[in-house]
Amino acid sequence: MFALANKIAIVTGASSGIGRASAKLFAEEGAKVIVAARRQAELDTLVAEIEDNDGAAIALAGDVRDEAYAKALVDLAVEKFGGLDIAFNNAGAVGRMGPISDLPLEGWRKTLDTNLTSAFLGAKYQVPAMIERGGGSLIFTSTFVGHTVGMPGMTSYAASKAGLIGLTQVLAAEYGPKGVRVNALLPGGTDTPAATFKTPESRVFVEGLHALKRIAMPEEIARSALYLASDASSFTTGAALFADGGVSINRT
Ligand SMILES: NC(=O)c1ccc[n+]([C@@H]2O[C@H](COP(=O)([O-])OP(=O)(O)OC[C@H]3O[C@@H](n4cnc5c(N)ncnc54)[C@H](OP(=O)(O)O)[C@@H]3O)[C@@H](O)[C@H]2O)c1
């Protein structure tokens, strides 16, 4: 049910963290994977690891804010692997933080471009390729921040990630009739380079916000991405799926 045999996937943000773990898991489950991010060397290492494990992957480095890159990823999937079934649009960044009065417009725009406009650009080229195959699964990495929790200093991140949930709902309605499912995945705190803690105390504080009193390993979020990518979630579309260790509901 969770197998991805004969499936072709794009995973963005694959050079690190959640995207890296997901690309490896998708490949283990049989998918052929196009791995995307800016850092070529990290992508090359990932491809080598996947191939050593008898999987198939191709790296294409680029910036998800670039429309030509969004198109090139889909073209590569079609030319080299024969189509596209799954797109895990996961690349993202917290971006500039701080009080809104100190946030330059440029910082706001950069975060919106990285987290939200990239998703629009990805979907624009991914959806038609999926329709060609009779359907597919699109996944966007959102977050609890801006959906269930307001965290001071994170305006642009929260707005961009909440925007992904709106994008998810409209695309799910628009392309459900064509067999394309579209879902948002909302991780809790996850132990990746994005979640650097200034002090051990700040890590303990963030862990304590979660009902499970810890943050996730990227492999745990990857398993939720696999669920949304696979036929195990065949009747799930337009959802905002929490994999957040209870940070959204916890009050202690
Ligand atoms: N870690 C958490 O606590 C947490 C919680 C909720 C949601 N999230 C979300 O989960 C997703 C993955 O984050 P992570 O925690 O795995 O962090 P990470 O390890 O820092 O990974 C971020 C990935 O995004 C890529 N990326 C960033 N900007 C890019 C750009 N302009 N073009 C292409 N690729 C870009 C990075 O690759 P390059 O640097 O090589 O380009 C990297 O592969 C993000 O969307 C993040 O917002 C994370």
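One can find the structure itself at the top, above this paragraph.
First, a word on what this report is: a plain description of the structure on this page. Note that the coordinates shown come from a computational prediction; the quantities given were computed from them, not determined experimentally. (Residues numbered from 1 in each chain as written. Predicted model: local features only at pLDDT ≥ 70, side-chain atom pairs only at ≥ 80, totals over all residues. Heavy atoms only, no water.)

**Some points on the layout of surface pockets**
Stage number 1. Considering only enclosed or pocket space, the second largest pocket measures out at about 160 Å³ in volume.
Stage number 2. Around the second largest pocket, the lining residues are Lys7, Asp85, Ile86, Gly135, Gly136, Ser137, Gly179, Arg181, Ala229, Ser230, Asp231 and Ser234.
Stage number 3. When grouped by side-chain class, the residues that make up the lining of the second largest pocket number two nonpolar, six polar and four charged. (1 Å grid on protein atoms, 1.4 Å probe; cavity = no way out; pocket = protein on both sides within 12 Å on 5 of 7 lines; lining within 4 Å. Points joined across faces, edges and corners; volume = space filled by probe spheres on them. Nonpolar A, V, L, I, M, F, W, Y, C, P; charged D, E, K, R; others polar.)

**Regarding the sheet that holds strand E7 (residues 240–243)**
Stage number 1. Pairing in this open sheet of seven strands is parallel, and the strands run E3-E2-E1-E4-E5-E6-E7 from one edge to the other. Each edge of the open sheet is held by one strand with a lone partner, namely strand E3 (56–61) and E7. For this sheet, the mean inter-axis angle between neighbouring strands, taken without regard to orientation, is 20°.
Stage number 2. One ladder, built from six bridges, connects strand E2 (residues 32–37) with E3; its direction is parallel. The partner of valine 35 across the bridge, within E3, is alanine 59.
Stage number 3. Sheet contacts for helix H4 (residues 105–132): strand E4 (86–89), strand E5 (136–141) and strand E6 (180–187); angle to E5, the most-contacted strand, approximately 170°.
Stage number 4. Docked against the sheet, helix H5 (residues 155–175) engages E5, E6 and E7, running at close to 160° with respect to E6. (Pairing = 2+ DSSP bridges. Helix = DSSP H or I, 4+ residues; strand = E, 2+ residues; numbered from the N terminus. Axes fitted to C-alpha atoms, helices over the stretch in contact; angles between N-to-C directions. Contact = heavy atoms within 4.5 Å.)

**Let's talk about the pattern of salt bridges**
Stage number 1. Across all of its chains, the model carries ten salt bridges by this definition.
Stage number 2. As a salt-bridge pair, glutamate 67 and lysine 124 come within 2.9 Å of each other at their nearest N and O atoms. Here lysine 124 lies in helix H4 and glutamate 67 lies in helix H3 (residues 67–81), a separation of 57 residues in the sequence.
Stage number 3. Note that lysine 71 and aspartate 75 form a salt bridge whose closest N and O atoms lie 2.8 Å from each other. (Salt bridge = Lys/Arg side-chain N within 4 Å of Asp/Glu carboxyl O.)

**Observations concerning H3**
Stage number 1. Its 15 residues place the ends of H3 21 Å apart at the C-alpha level, agreeing with the 21 Å of an ideal helix rising 1.5 Å per residue.
Stage number 2. Residues of H3 that are buried: Tyr69, Ala70, Leu73, Val74, Leu76, Ala77 and Phe81. Angular distribution of buried residues about the axis of H3 spans 150°; they occupy a single face of the element. In H3, the exposed positions angled more than 90 degrees off the buried face are occupied by Ala68 and Glu79.
Stage number 3. Measuring from the backbone nitrogen of alanine 68 back to the side-chain oxygen at the start of H3 gives 3.0 Å, which picks out aspartate 66 as the cap.
Stage number 4. Glycine 82 sits one or two residues past H3 and shows a positive phi near 105°. (Expected span 1.5 Å × (residues − 1). Buried < 20%, exposed > 50% of the residue type's maximum accessible area, 1.4 Å probe, protein only. Arc of directions from axis to C-beta. Polar contact = N/O pair within 3.5 Å; in protein donor to acceptor, adjacent residues only side chain to side chain.)

**A few points about the side chain of asparagine 89**
Stage number 1. Note that asparagine 89 resides in strand E4.
Stage number 2. With near-sequence residues (within four places) excluded, asparagine 89 lies in contact with Thr12, Gly122, Gln126, Leu138, Ile139, Phe140 and Thr141.

**Observations regarding the packing of H4 against H5**
Stage number 1. As a packed pair, H4 and H5 sit with axes 8 Å apart at the nearest point and diverge in direction by 15°. Of the possible angle classes, the one that applies to H4 and H5 is roughly parallel. Crossing of H4 over H5 shows right-handed handedness. Every residue of H5 that contacts H4 at Trp108, Thr111, Leu112, Asn115, Leu116, Ala119, Phe120, Ala123, Val127 and Ile131 is listed here: Thr155, Ser156, Tyr157, Ala159, Ser160, Lys161, Gly163, Leu164, Leu167, Leu171 and Tyr175.
Stage number 2. For the contact of H4 with H5, a count of residues per class yields 14 nonpolar, six polar and one charged. (Parallel < 35°, antiparallel > 145°, perpendicular 65-115°, else oblique. Left-handed = near helix turned anticlockwise from the far one by under 90°.)

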